[in-house]
Amino acid sequence: MKPKTIIMDENAISRAITRLAHEIIERNKGTEDLVLVGIRTRGIPFANKLADRISQIEGIQIPVLTLDITLYRDDLTEVSDTPILNEEFDHDITNKTVILVDDVLYTGRTVRAALDALVDKGRPKKVQLAVLIDRGHREFPIRPDFVGKNVPTSVEEIVNVKFKEVDDVSEVVIEKD
């Protein structure tokens, strides 16, 4: 697989995060009872970056939780015969506004699994979805509340989000299969 196009560099990602942080604060009228939940793997550094930017703007650090959706996936048997669960979710989300954070929204299956996992963790007042990239091609009726960039793609293309914390570089690349 070869890189086809870099659609966001580190500066573009940073600008999108700043805009998304402002939109989250504005839509929720501040940060009271707000919790960011990053979907493993790249939703976590994205959620941390959003929390840091919100903290810079509002002067309040909001909790960032990690959500492992492994056991909630509808393709679990295709992923592994013996899935490994990494449980790091130790915060009560009951009556909180949860911002579910992921890097790319594609079919909606990951978000559906994340919603199932969240319900097992508590009863949030509200759940909103923030994604860095919305590439379309939904198989479930899921729509993000906050989008860094809409990127029309073909099903043959792969959108690869990279963060320094995981990949040693921050960029968004479209690759062709």
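Sequence positions are assigned chain by chain, starting from 1 and proceeding in written order. Only residues with pLDDT of at least 70 are given local features in this predicted model, and only at 80 or more are side-chain atom pairs given and counted; all residues enter the totals for whole chains, interfaces and linings. Neither water nor hydrogens contribute to the side-chain values; these are computed over all heavy atoms in the structure.

## Points about unusual backbone geometry
Excluding glycine, residues mostly have negative phi values, and the peptide bonds linking residues are mostly trans.
Step number 1: Thr 41 follows Arg 40 through a cis peptide bond whose omega is 15°.
Step number 2: Only DSSP runs of H or I covering at least 4 residues are called helices, and only runs of E covering at least 2 are called strands; the numbering of each starts at the N terminus. Secondary-structure assignment places Thr 41 in the loop between β2 (34-39) and α2 (43-58).
Step number 3: A positive phi angle, near 60°, is found at Asp 33, a position not held by glycine.
Step number 4: The topology assignment puts Asp 33 in the loop between α1 (10-27) and β2.
Step number 5: We note that Asp 168 has phi near 70°; this positive angle belongs to a residue other than glycine.
Step number 6: As for its position among the elements, Asp 168 is in the loop between α5 (164-167) and β8 (171-176).
Step number 7: Burial classification: accessible surface area is computed with a 1.4 Å probe over protein chains only, and a residue below 20% of its type maximum counts as buried, one above 50% as exposed, and the rest as partly exposed. With relative accessibility at 71%, the residue Asp 168 sits in the exposed group.

## Here's the deal with the UniProt feature "short sequence motif: PRPP-binding" (unreviewed entry) in the protein chain
Step number 1: UniProt positions are given in the numbering used here, feature names are shortened, and annotations may be inferred rather than shown by experiment. UniProt annotation of "short sequence motif: PRPP-binding" (unreviewed entry) refers to residues 98-110 when read in the numbering used here.
Step number 2: The span residues 98-110 is 15% helical and 62% strand by assignment, and the distance between its end C-alpha atoms comes to 16 Å.

## Description of the packing of aromatic side chains
Step number 1: Two aromatic rings from Phe, Tyr or Trp, using only the six-membered ring of Trp, form a pair when their centres are within 6.5 Å; if the ring planes differ by under 30 degrees the pair is stacked, by over 60 it is edge-to-face, and anything between is tilted. Within the structure shown, the criterion is met by 1 aromatic pair.
Step number 2: Summarising the aromatic geometry, the rings of Phe 46 and Phe 163 are spaced 6.2 Å apart at their centres and angled 15° between planes, so their arrangement reads as stacked. Taken as a pair, Phe 46 in helix α2 and Phe 163 in the loop between β7 (157-162) and α5 lie far apart in primary sequence, 117 residues in all.
Step number 3: Assessed through its relative accessible area of 0%, Phe 163 is described here as buried.

## Re the nonpolar core
The tendency in soluble globular proteins is for nonpolar side chains to be buried side by side.
Step number 1: Think of a nonpolar core as a cluster: buried Ala, Val, Leu, Ile, Met, Phe, Trp, Tyr and Cys residues, connected wherever their side-chain atoms sit within 4.5 Å. Within the largest apolar cluster, 30 residues are counted, with the highest numbers of intra-cluster contacts made by Leu 50, Leu 132 and Ile 133.
Step number 2: When residues of this core are traced back to their parent elements, those giving at least two are α1, β2, α2, β4 (97-105), β5 (126-134), β7 and β8.
Step number 3: Looking at this core, the element that brings in the most residues is α1, giving 8 residues.
Step number 4: We call two residues in contact whenever any of their non-hydrogen atoms come within 4.5 Å of each other. Not counting the four nearest positions on each side in its chain, Leu 50 is found in contact with Ile 17, Leu 20, Ala 21, Ile 24, Leu 36, Val 101 and Ala 130.
Step number 5: Counting 20 residues, the second-largest nonpolar core is a separate cluster that includes Val 37, Leu 65, Leu 100 and Val 147.

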